[in-house]
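Here is how the chains run, residue by residue.
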There are 2 protein chains.
Amino acid sequence: MSTDTPAAEPVSGARSLPHPGREEIRLAQVLHALADPMRLRIVCVLAAAEGELSCADIELPVSKSTCTHHFRVLREHGVIQQFYRGTAKMNGLRRADLEALFPGLIDGVLRAAGLQERRLGER
Amino acid sequence: MSTDTPAAEPVSGARSLPHPGREEIRLAQVLHALADPMRLRIVCVLAAAEGELSCADIELPVSKSTCTHHFRVLREHGVIQQFYRGTAKMNGLRRADLEALFPGLIDGVLRAAGLQERRLGER
DNA sequence: ACGTTCATACGATAGGCATCGTAGTACGGC
DNA sequence: GCCGTACTACGATGCCTATCGTATGAACGT
């Protein structure tokens, strides 16, 4: 029990963001979260960054409110973690939780996304 | 070009079932196809069978028409192959195509599905 | 205190989709 | 030729969701 992510974060006095606990995460929901091109892109960027990024750091061809929507879906389905730092909202992949539940899955998806992008883009 | 699946099957005189060619298959669509509990179950059964199964061989807690719908989604998104044998429609996973496009992905999903089922069912 | 920046909430809209039931079509056996 | 079996097509329904714009709120710097 040393690698688990706190299901309920210590609400730091700021706005609170509900995350599902590790045990709450369901495969079908994770797949659904990843099955949207925008969200897949978000997850790829987040994975490449290897750390936290603010929402504004990830450029998407949609409006701001739609962006908020996609980030919320990813959070509520257990794919990413979010917390506020000042006015910015930081985002990070929940790698440890996903790896514990579905070993290899996320890496497989990320790899597949990279391969497809290379295949479709550069030819 | 020796391992590719025929994009257009030789319509054997029977009802024809359009399949996407290997190059047509998109990751987001595959994930979407897998992101439904019914379809995930179908795929798991099909993978375990290691061969072709008729639609009726896979019992689902939904009506027949809904069943048809799910099989069609899986076929149109490139996850399964279908063909008629007499009155029965046979189904098979497109393992080779999926493996070529997204190596390891399907196995990862199947493994994750198995793990989750064991985790949620037996405890 | 004020304005700027970042992100949210809310309402609206349009399209997608999982589900059903009923009626119909194709094939095989009698 | 007729019937049963297996699946499809079509239409309906209700929910979910991706998108937007506008108005609002929270934190920071000056």
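Cut-offs and rules
- Residues numbered from 1 in each chain as written.
- Chains lettered and ligands numbered in written order.
- Predicted model: local features only at pLDDT ≥ 70, side-chain atom pairs only at ≥ 80, totals over all residues.
- Heavy atoms only, no water.
- Contact = heavy atoms within 4.5 Å.
- Buried area = accessible area lost by both parts, 1.4 Å probe.
- Salt bridge = Lys/Arg side-chain N within 4 Å of Asp/Glu carboxyl O.
- Polar contact = N/O pair within 3.5 Å; in protein donor to acceptor, adjacent residues only side chain to side chain.
- Helix = DSSP H or I, 4+ residues; strand = E, 2+ residues; numbered from the N terminus.
- Nonpolar A, V, L, I, M, F, W, Y, C, P; charged D, E, K, R; others polar.
- Near = heavy atom within 4 Å.
- Pairing = 2+ DSSP bridges.
- UniProt positions renumbered as here; feature names shortened; annotations may be inferred.

For the rest of this paragraph, the subject is the interface of chain A and chain B. With 25 residues of chain A at the contact, the number on the chain B side is 25 residues. Between chain A and chain B, the buried area comes to about 2100 Å², and carbon and sulfur atoms account for 67% of it. The interface formed by chain A and chain B holds two salt bridges in total. Here Glu23(A) makes a salt bridge to Arg119(B), at a shortest N to O gap of 3.7 Å. At the surface where chain A touches chain B, the tally comes to four residue pairs in polar contact (both at pLDDT 80 or more). When residues of the side of chain A that touches chain B are assigned to their parent elements, the largest contribution, ten residues, is made by helix α5 (residues 105-121) of chain A. Class assignment of the residues belonging to the side of chain A that touches chain B gives a composition of 17 nonpolar, three polar and five charged.

Next up on the list: the protein's contact with DNA strand C. What surrounds DNA strand C is a group of 24 residues, the closest being Thr68(A), Lys89(A), Ser63(B), Thr66(B) and His70(B). A distance of 3.2 Å separates a phosphate oxygen of DNA strand C from a polar atom in the backbone of Cys55(A). Those elements that provide at least two residues to the surface near DNA strand C are α3 (64-76) and β3 (88-93) of chain A together with α3 (64-76) of chain B. Of the residues contributing to the surface near DNA strand C, the split by class is six nonpolar, twelve polar and six charged.

Attention shifts here to the pairing of strand β2 (residues 80-85) of chain B. Residues and elements named next belong to chain B. Here six bridges tie β2 to strand β3 (residues 88-93), and the two strands are oriented antiparallel to one another. Considered in β3, the bridge of Arg85 is made with Ala88. The antiparallel pairing of β2 with β3 creates a hairpin that spans two residues between the two strands, and Gly86 there sits at a positive phi of about 70°.

This part takes up the UniProt feature "domain: HTH arsR-type" (unreviewed entry) in chain A. Within this numbering scheme, the UniProt entry marks residues 19-113 of chain A as carrying the feature "domain: HTH arsR-type" (unreviewed entry). Overall, residues 19-113 of chain A shows 53% helix and 15% strand. The separation of its end C-alpha atoms is 25 Å.

The next thing to look at is the environment of Pro103(A). Structurally, Pro103(A) can be placed in the loop between α4 (95-101) and α5. Each residue touching Pro103(A), except ones within four places of it in the same chain, is listed here: Leu98(A), Arg111(B) and Leu115(B).

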